[in-house]
Amino acid sequence: MPREFTQDELEEVRVAFQNVDVDGNGYVTASEIQGLFQELGKPMPGYKVRELLETLDRDKDSRISLDEFTEMFRDVKDNPMASAFKSALKQKEGMVSIGGTSEISSAGTTHTIGEEERHAFANYINVSLKDDEDCKPVLPINPETNALFTSLSNGIILCKLINHSVPDTIDERTINKTKLTAFTIQENLNLALNSASAIGCQVVNIGAQDLKEGKPHLVLGLLWQIIRIGLFANIELSKNEALAALLEEGETLEDLMRLSPEELLLRWMNFHLKKVGITVNNFSSDVKDSTAYFHLLDAIAPDGSKEDAPKIDIDMSGLYLGDNSKRAEAMLKEADKLDCRQFVTAGDVVSGNSKLNMAFVATLFNKYPALTKPENQDFVVDSETREERTFRNWMNSLGVNPHVNHLYSDIQSAMVIFQLYEKTKVEVNWDRVNRGPFKQLIGGNMKKVENCNYAVELGKTKANFSLVGIGGEDLYNGNKTLTLALIWQLMRRYTLNVLSDLGHGEVAGDDLIVSWVNETLKKAGKTSTIRSFKDSSISTSQPIVELIDAIQPLSINFDLVRTGNELTDEDKLSNAKYAISMARKIGAKVYALPEDIVEENQKMVMTIFACLMGRGLKKV
């Protein structure tokens, strides 16, 4: 009988899965398996890859899910193909034991870390935060040692890095920076973890103690998520209309918008490489000889036609060096001219480290996209609303699979919705679910609609949601109003489940939360009260900061809270930023944004008070 995994072991399996799942779509495909063996210098013939895929692919959808990947790790002794794959993962070039030796956990597992990732992330932090006065005491981090893990242990650099990726996520005033104690370090780490969750990082199996102890596999996993979010922030059509230049014949803007950031990066590379007749299909084997990189650098380097961008000449002579390592080093010297020599060493290029090569290409794109919006093509691209972004980040923080890059298109098959049902304690009959891959199925769209119909049925019959007038086709077609109505009720149920778990059963609701808030404020001698989540006083954040101080006495610096009868919108926003960060700092996992408070968004305000109530009840 297959043994059960500990949480620590499951986390290791998840990290291993992410290392193979190069494009981050939540599945391992034949090309990614082939890329793994090519990285090891042991190329596997196509038929062998197909045999391995068939061995591991239990639901026969031509790809490996995280569940199937996990099952492979449970018991492989009677499965030679699976054993070979598992062995390849362990031998993956650049994987080293912690501190140079194996460290066996209490569960009997060996934790390994990517030496290349440690090196790359340390250098990235050194460059990104070099001008930050609060970080100078520990920067630069020596990438050749384990200094990366100790430098993050007080939470300051993590908070700064989150703000680097998503500006203004954390109010700087709430970071403890001097005279640090075990308690104030704990607060910083709470702030970092809850803020990372709010921007869409999965932190389900990571705690403050893990970061304090510098557990490499957990730290590197969190760092990659934070860095990735920052790198990919502008690789979407709504923020960069010049990406429309990447449209191919017969495509619509909607088709382009459905592409993941990884797919867009490959499309962008091939757009610039087309003139020299080169095509790349991945960030591993196809870039190992640096040929594509040389031509990409030559294509995107400024030609001097713009006053603010002096000409940069790319020396192509290194392209003709016979050795891959020498060619890669020569290429990186040219990348240095563009100030883009980040993430990869020559060894990373030659070994085909997919994750770091993808980060390198994203850096090139962000600094030198070299794209021009097509002429005579007027179009309006709907930017993601604040509410949509909040919902998407919430989903991703729970580890849904696949990752949600575009809210409506990525939940079109309802697979994400079913996972959210399970996370909100609604039982899903998976025998009724069409699992795809939908593009390969005849009538694939109909299969998605069937899933959507079942998702709506579950909401009505099992979750008691109000879904009047909502059908499966509304989810499939991405009807924004109706889709958001379902997602909101899922998020609300998730939030209230926290209170139910703390002993309030099915009675947890708006009235109970309001009553608890007022009672807690009164007991602490505070002056604020709220009548409902529409109370106008909430826009000043006064009831929120006083509630935080009631839950954790003396946590609020009231000198930083602006008061008075005539607060400006700027005053209110300043208070709201402080309130949100302080809520996260004391341990409340708040997804709402400061603007939700100022604009009195009733739904999001409810989640703030509910999360604070959950935090307060944990003290009892």
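Residues numbered from 1 in each chain as written. Predicted model: local features only at pLDDT ≥ 70, side-chain atom pairs only at ≥ 80, totals over all residues. Heavy atoms only, no water.

## A short note on the overall build of the protein chain
Next up, step 1: Secondary structure summary: the protein chain contains 28 helices and two strands in total.
Next up, step 2: In the protein chain, which comprises 620 residues, the share counted as buried stands at 55%.
Next up, step 3: As presented, the protein chain carries roughly 27900 Å² of accessible surface, and 48% of it is formed by carbon and sulfur atoms. (Helix = DSSP H or I, 4+ residues; strand = E, 2+ residues; numbered from the N terminus. Buried < 20%, exposed > 50% of the residue type's maximum accessible area, 1.4 Å probe, protein only. Areas by Shrake-Rupley, 256 points an atom, 1.4 Å probe, with all protein chains shown as cover.)

## Considering the side chain of Glu546
Next up, step 1: Locating Glu546 in the fold gives a position in helix α25 (residues 542-551).
Next up, step 2: We note that Glu546 is buried and unpaired, the nearest opposite charge coming from Lys526 at a distance of 6.1 Å.
Next up, step 3: A polar side-chain atom of Glu546 sits 3.4 Å from the main-chain amide nitrogen of Thr527.
Next up, step 4: Among all residues touching Glu546, those that are not within four sequence positions of it are Leu521, Lys526, Thr527, Ser528 and Phe558. (Lys, Arg positive; Asp, Glu negative; His and termini not counted. Salt bridge = Lys/Arg side-chain N within 4 Å of Asp/Glu carboxyl O. Polar contact = N/O pair within 3.5 Å; in protein donor to acceptor, adjacent residues only side chain to side chain. Contact = heavy atoms within 4.5 Å.)

## Let's talk about the nonpolar core
Next up, step 1: Core analysis: the biggest nonpolar cluster contains 96 residues, and Ile125, Leu148, Leu222, Trp268 and Met269 have the highest contact counts within it.
Next up, step 2: The biggest single contributor to this core is helix α11 (residues 216-231), with nine residues.
Next up, step 3: Contacts of Met269, omitting those with residues within four sequence positions, involve Val280, Phe283, Val287, Tyr293, Leu296 and Val361. (Core = buried A, V, L, I, M, F, W, Y, C linked by side-chain atoms within 4.5 Å.)

## Focus on helix α13 (residues 261-273)
Next up, step 1: With 13 residues, α13 should reach 18 Å at 1.5 Å per residue; the first-to-last C-alpha distance of 18 Å fits that figure.
Next up, step 2: Within α13, 10 of the 13 residues are buried, which leaves the element mostly enclosed by the surrounding structure.
Next up, step 3: Of all the positions in α13, only Pro261, Glu262, Leu264, Leu265, Leu266, Arg267, Trp268, Met269, His272 and Leu273 are classed as buried.
Next up, step 4: Buried residues along α13 sit against α11, α12 (253-257), α14 (291-300) and α17 (354-367). (Expected span 1.5 Å × (residues − 1).)

## Considering the packing of aromatic side chains
Next up, step 1: Tallied over the full model, the rule gives nine aromatic pairs.
Next up, step 2: Considering the side-chain rings of Phe418 and Trp430, the 5.8 Å spacing of their centres and the 75 degrees angle between planes classify their relative orientation as edge-to-face. Here Phe418, found in helix α20 (residues 415-423), pairs with Trp430, found in the loop between α20 and α21 (444-461); they are 12 residues apart in sequence, far enough to count as distant.
Next up, step 3: The exposure class of Phe418 is buried, given its relative accessible area of 0%.
Next up, step 4: Among the aromatic residues, those joined into a ring-pair cluster are Phe418, Trp430 and Tyr454. (Phe/Tyr/Trp six-rings, centres within 6.5 Å; stacked < 30°, edge-to-face > 60°.)

## So, the pattern of salt bridges
Next up, step 1: Per the counting criterion, the structure on display carries 31 salt bridges.
Next up, step 2: For Glu248, the salt bridge is made with Arg267, and the minimal N-O distance between the two is 3.4 Å. Here Glu248 is found in the loop between α11 and α12, whereas its partner Arg267 is found in helix α13, with 19 residues between them in sequence.
Next up, step 3: What makes Glu248 partly exposed here is its relative accessible area of 45%.
Next up, step 4: Residue class for Arg267 comes out buried when judged on its relative accessible area of 14%.

## What to know about the packing of α13 against α17
Next up, step 1: Remark: α13 packs on α17, axes separated minimally by 10 Å, with the N-to-C direction vectors making an angle of 65 degrees. By the angle between their directions, the pair α13 and α17 is classed as roughly perpendicular. Between α13 and α17 lies a crossing whose hand is left-handed. Here Glu262, Leu265, Trp268 and Met269 of α13 come into contact with α17, specifically with Met358, Val361, Ala362, Leu364 and Phe365.
Next up, step 2: In the contact of α13 with α17, the residues fall into eight nonpolar, no polar and one charged. (Axes fitted to C-alpha atoms, helices over the stretch in contact; angles between N-to-C directions. Parallel < 35°, antiparallel > 145°, perpendicular 65-115°, else oblique. Left-handed = near helix turned anticlockwise from the far one by under 90°. Nonpolar A, V, L, I, M, F, W, Y, C, P; charged D, E, K, R; others polar.)

## Digging into the environment of Glu519
Next up, step 1: As for its position among the elements, Glu519 is in helix α24 (residues 510-523).
Next up, step 2: On the basis of relative accessibility, which here comes to 43%, the residue Glu519 falls in the partly exposed class.
Next up, step 3: As a C-alpha pair, Glu519 and Thr529 span 10 residues in sequence and 8.9 Å in three-dimensional space.

## So, the confidence of the model for the protein chain
Next up, step 1: Residues at a pLDDT of 70 or more form 82% of the protein chain, whose mean pLDDT is 85.
Next up, step 2: Counting interchain partners and residues more than four positions distant, the pLDDT-below-50 stretch residues 93-113 has 45 contacts. (pLDDT = per-residue confidence, 0-100.)

## So, the environment of Gly471
Next up, step 1: Mapped onto the elements of the fold, Gly471 is located in the loop between α21 and α22 (472-476).
Next up, step 2: Residues Gly471 and Tyr454, spaced 17 residues apart in sequence, show a C-alpha to C-alpha distance of 9.5 Å.

## Remarks on unusual backbone geometry
Next up, step 1: At the junction of Leu139 and Pro140, the peptide bond is cis and its omega measures out at 0 degrees in the coordinates.
Next up, step 2: Counting through the fold element by element, Pro140 comes out in the loop between α6 (115-128) and α7 (147-151).
Next up, step 3: That bond from Asn401 to Pro402 is cis: its omega, 10 degrees, falls within 30 degrees of zero.
Next up, step 4: Mapping Pro402 onto the fold places it in the loop between α18 (386-397) and α19 (407-410).

## Remarks on α17
Next up, step 1: Taking 1.5 Å of rise per residue, the 14 residues of α17 would be expected to cover 20 Å, and the 20 Å separating its terminal C-alpha atoms lies within 8% of that figure.
Next up, step 2: Within α17, 12 of the 14 residues are buried, leaving the element largely enclosed by the surrounding structure.
Next up, step 3: N-cap assignment for α17: the residue whose side-chain oxygen lies 3.4 Å from the backbone N of Lys355 is Asn353.

## Quick look at the packing of α14 against helix α15 (residues 324-337)
Next up, step 1: Where α14 meets α15, the axes come as close as 10 Å, and the angle between the chain directions of the two elements is 20 degrees. Relative to α15, the element α14 is oriented roughly parallel. In the packing of α14 onto α15, the handedness of the crossing is left-handed. Residue-level inspection shows Tyr293, Phe294 and Leu297 of α14 in contact with α15, the latter providing Arg327, Ala330, Met331, Glu334 and Ala335.
Next up, step 2: Along the lines of polarity and charge, the residues of the contact of α14 with α15 split into six nonpolar, no polar and two charged.

## Side note on the state of the cysteines
Next up, step 1: Using the criterion set out here, one finds zero disulfides in the structure.
Next up, step 2: Note on Cys135: no disulfide assigned, nearest cysteine sulfur contributed by Cys159 at a separation of 9.8 Å. (Disulfide = S-S within 2.5 Å.)

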